[in-house]
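# Secondary and tertiary structure notes
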Amino acid sequence: DTEVTQTPKHLVMGMTNKKSLKCEQHMGHRAMYWYKQKAKKPPELMFVYSYEKLSINESVPSRFSPECPNSSLLNLHLHALQPEDSALYLCASSLAGGPGELFFGEGSRLTVL
Amino acid sequence: QQQVKQSPQSLIVQKGGISIINCAYENTAFDYFPWYQQFPGKGPALLIAIRPDVSEKKEGRFTISFNKSAKQFSLHIMDSQPGDSATYFCAAKGMDSSYKLIFGSGTRLLVRP
């Protein structure tokens, strides 16, 4: 199984809502990532978890809150988002020790009204 | 400065032709150079990658050429097919960061039948 599964595929939320994005992988990878991708732009790294511990936070606003409950799951909790946060949110995983190959999910397309 | 410059922004090639995408970097402390392919509505997927101790790597119709002295690397797609139409991102990983990839700005390739 070489899949990274993300849910939901689409999400529309108001600026006062609280929602969560979910990501799951069963490849035994111990590094998991959240990326944000705007249209016609490259993915931008947000967070990296290594062995379920937050390893990298790219100065992301606190309205984005990551969580790694176990080695297979990664969540991104969203609260009080702004319209400019509308984007495709990509989850990825890799072997621990570096992105020798990043396996990306198909993404969750978020629209903030 | 950690940056990877990618060109062209868009590329149109006839079926059977050669597609060439170029990337350049300034930081000599990069040690891994992958290329990712992204189709609309999908997450990026690793296409091919190279390390700086190798000048060329070929996988099927896809070849990476690497020029360490010029700090440039390029992707060549031989016998381009309409199914190759996608956005291509080059990337580089710094020796000092196991998890962070620096992505180029992307090239939208269209292969005409």
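### Some remarks on unusual backbone geometry
When glycine is set aside, most residues are seen to have a negative phi, and most peptide bonds are trans. Of the consecutive residues Thr7 of chain A and Pro8 of chain A, the connecting peptide bond is found in the cis state with omega at -10 degrees. Residue placement: Pro8 of chain A occurs in the loop between strand 1 (4-7) and strand 2 (10-13). Residue Ser7 of chain B is joined to Pro8 of chain B through a cis peptide bond whose omega torsion reads -5 degrees. Inspection of the secondary structure assignment puts Pro8 of chain B in the loop between strand 1 (4-7) and strand 2 (10-14). The backbone of Ser59 of chain A shows a phi angle near 55 degrees, a positive value even though the residue is not glycine. Within the fold, Ser59 of chain A resides in the loop between strand 6 (53-57) and strand 7 (64-70). Here Ser59 of chain A falls in the exposed class, since its relative accessible area comes to 72%. You will see that Ala80 of chain A, though not glycine, has its phi angle at about 55 degrees, which is positive. Inspection of the secondary structure assignment puts Ala80 of chain A in the loop between strand 8 (73-79) and strand 9 (87-94).

### Section: the environment of Ile50 of chain B
Residues and elements named next belong to chain B. Structurally, the position occupied by Ile50 is in strand 5 (residues 45-50). When the C-alpha atoms of Ile50 and Ser10 are compared, they prove to be 23 Å apart, with 40 residues separating the residues in sequence. With near-sequence residues (within four places) excluded, Ile50 lies in contact with Tyr32, Phe33, Ser55, Glu56, Lys57, Ile64 and Phe66.

### Side note on the pattern of salt bridges
Applying the stated criterion across every chain yields a total of 8 salt bridges over all chains. Two residues, Glu52 of chain A and Arg30 of chain A, come together in a salt bridge whose shortest N-O distance is 2.9 Å. Of the two residues, Glu52 of chain A sits in the loop between strand 5 (44-50) and strand 6 while Arg30 of chain A sits in the loop between strand 3 (18-25) and strand 4 (31-37), which places them 22 residues apart along the sequence. A relative accessible area of 29% means that Arg30 of chain A is categorised as partly exposed. Across the salt bridge formed by Glu106 of chain A and Lys42 of chain B, the nearest N and O atoms sit 2.7 Å from each other. In this pair, Glu106 of chain A sits in the loop between strand 10 (103-104) and strand 11 (108-112) while Lys42 of chain B sits in the loop between strand 4 (30-38) and strand 5, so the two residues belong to two different chains. Because the salt bridges share partners, they merge into one network encompassing Lys9 and Glu106 of chain A together with Lys42 of chain B.

### Topic: the interface of chain B and chain A
Of the residues lining the interface, 18 residues belong to chain B; the matching set on chain A comes to 26 residues. Both sides together, the interface formed by chain B and chain A hides about 1700 Å², and carbon and sulfur atoms give 58% of it. Counting the surface chain B buries against chain A, the share from its top three residues, Pro44, Tyr99 and Phe103 of chain B, is 38%. The interface formed by chain B and chain A includes 2 salt bridges. The residue Lys100 of chain B makes a salt bridge to Glu58 of chain A at a minimum N-O spacing of 2.6 Å. Taken together, the connections running from chain B to chain A amount to 5 residue pairs in polar contact (both at pLDDT 80 or more). Those elements that provide at least two residues to the side of chain B that touches chain A are strand 4, strand 9 (86-94) and strand 10 (101-103) of chain B.

Conventions used here
- Residues numbered from 1 in each chain as written.
- Chains lettered and ligands numbered in written order.
- Predicted model: local features only at pLDDT ≥ 70, side-chain atom pairs only at ≥ 80, totals over all residues.
- Heavy atoms only, no water.
- Helix = DSSP H or I, 4+ residues; strand = E, 2+ residues; numbered from the N terminus.
- Buried < 20%, exposed > 50% of the residue type's maximum accessible area, 1.4 Å probe, protein only.
- Contact = heavy atoms within 4.5 Å.
- Salt bridge = Lys/Arg side-chain N within 4 Å of Asp/Glu carboxyl O.
- Buried area = accessible area lost by both parts, 1.4 Å probe.
- Polar contact = N/O pair within 3.5 Å; in protein donor to acceptor, adjacent residues only side chain to side chain.

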